[in-house]
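Close look at the chain arrangement
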Amino acid sequence: MPFRLLCSLPFVLALALTVASCGYIPRQVAGLPAGTPWDALPLRKWLAEDRAEPVALAFCVPPECSPGLTVGVIRLTGKDADITDALLKDPERLARALRSPVGRQKPVRTRITVERLKDAPYPGFTIDLAPADGSKRPAYGAAMGKREGEALSVVLVIGEVQDVVRETLREVAARELGS
């Protein structure tokens, strides 16, 4: 009887769908609350163009979550890891590149402020971006990365409130990168 159950078409289809759908189950970002109001995205089936491997991505949007936040964890290797590691250690390079984008006839006038993280276990920085004319509120970001041989794991946080972005980065990096 058990053998007949295993050979039934509905059972085989259900088993195949369950196994195939495992790649669509999102991984929660460590250090963030599981479930509402945070949503995780199923990254295993996304393409990363051989530049970075997305590990986890979660977001929380108002009104359920205030302020809104997006938190991601990526893993880089090779040249991309080297470039990103250099930016984590010297974020002013990123600010200069954003102020003078290559190939733009008329750059967007943006106020950009970067600051290296102090007293952090790994290299990282915070960044504030806002229109130079003050027409919109600034966006805040923070990044921290840990080098492990050829690989670089990076935690990125983007949000609407500077202190919340910084604190979320520290909490998530402690869980995702170790401290």
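Okay, the overall build of the chain next. For the chain, the helix and strand inventory stands at five helices and seven strands. Counting from the amino terminus, the chain carries its helices and strands in the arrangement α-α-β-β-β-α-α-β-β-β-β-α. By residue count, 29% of the 179 residues in the chain fall in the buried class. Expressed as a percentage of contacts within the chain between residues at least 6 apart in sequence, the contacts between residues at least 24 apart total 45%.

Our focus in this paragraph is the confidence of the model for the chain. Averaged over the chain, the pLDDT score is 78; the fraction of residues at 70 or greater is 72%. Low pLDDT, under 50, characterises residues 1-24; the predicted model gives this stretch nine contacts beyond four residues in sequence or across chains. This model gives residues 45-49 a pLDDT under 50, and the stretch forms four contacts once residues within four places in sequence are excluded.

Before going further, it helps to examine the pairing of strand S5 (residues 124-131). Of all eight residues in S5, six are buried, a share of seventy percent or more. Of the strand pairs in this sheet, strand S4 (residues 110-116) and S5 are connected by seven bridges, and their pairing is antiparallel. Residue pairing in the sheet places Ile 112 in a bridge with Leu 129 of S5. When S5 meets strand S6 (residues 139-148), the two strands line up antiparallel, connected through six bridges. For Phe 125, the partnering residue across the bridge sits in S6 and is Ala 143.

Right, let's get into unusual backbone geometry. Looking along the chain, the bond that leaves Pro 62 and enters Pro 63 is cis, with omega of 5 degrees. The topology assignment puts Pro 63 in the loop between strand S2 (53-60) and strand S3 (69-77). One non-glycine residue with positive phi stands out, namely Asp 119, at about 55 degrees. Note that Asp 119 resides in the loop between S4 and S5. Judged by its relative accessible area of 80%, Asp 119 falls in the exposed class.

What follows concerns the pattern of salt bridges. Across all of its chains, the model carries nine salt bridges by this definition. Across the pair Arg 147 and Asp 82 runs a salt bridge whose closest N-O atoms are separated by 2.8 Å. Of this pair, Arg 147 sits in strand S6 while Asp 82 sits in helix H3 (residues 78-89); the two residues are 65 residues apart in sequence, bridging distant segments of the chain. When the shortest N-O distance is used, the salt bridge between Glu 160 and Arg 137 registers 3.8 Å. Residue Glu 160 is found in the loop between strand S7 (151-159) and helix H5 (162-176), and its partner Arg 137 is found in the loop between S5 and S6; the two are separated by 23 residues along the sequence. On the accessibility criterion, Glu 160 (38% relative accessible area) is partly exposed. For Arg 137, a relative accessible area of 64% translates into the label exposed. Residues participating in the shared-partner salt-bridge network are Asp 82, Asp 85, Lys 89 and Arg 147.

A few words now on the pairing of S6. Note: S6 against S7, nine bridges, orientation antiparallel. Across the sheet, Gly 145 pairs through a bridge with Val 154, a residue of S7. A loop of two residues connects S6 with S7, the two strands running antiparallel in sequence, and Gly 149 in this loop sits at a positive phi of about 65 degrees.

A few words now on the environment of Pro 37. Structurally, Pro 37 can be placed in the loop between helix H2 (9-21) and strand S1 (39-40). Its relative accessible area of 27% is what places Pro 37 among the partly exposed residues. Separated by 22 residues in sequence, Pro 37 and Phe 59 place their C-alpha atoms 8.5 Å apart. In this view, Pro 37 contacts Phe 59, Cys 60, Glu 64 and Cys 65; residues no more than four positions away in its chain are not counted.

Reading guide: rules and limits
Residues numbered from 1 in each chain as written. Predicted model: local features only at pLDDT ≥ 70, side-chain atom pairs only at ≥ 80, totals over all residues. Heavy atoms only, no water. Helix = DSSP H or I, 4+ residues; strand = E, 2+ residues; numbered from the N terminus. Buried < 20%, exposed > 50% of the residue type's maximum accessible area, 1.4 Å probe, protein only. Contact = heavy atoms within 4.5 Å. pLDDT = per-residue confidence, 0-100. Pairing = 2+ DSSP bridges. Salt bridge = Lys/Arg side-chain N within 4 Å of Asp/Glu carboxyl O.

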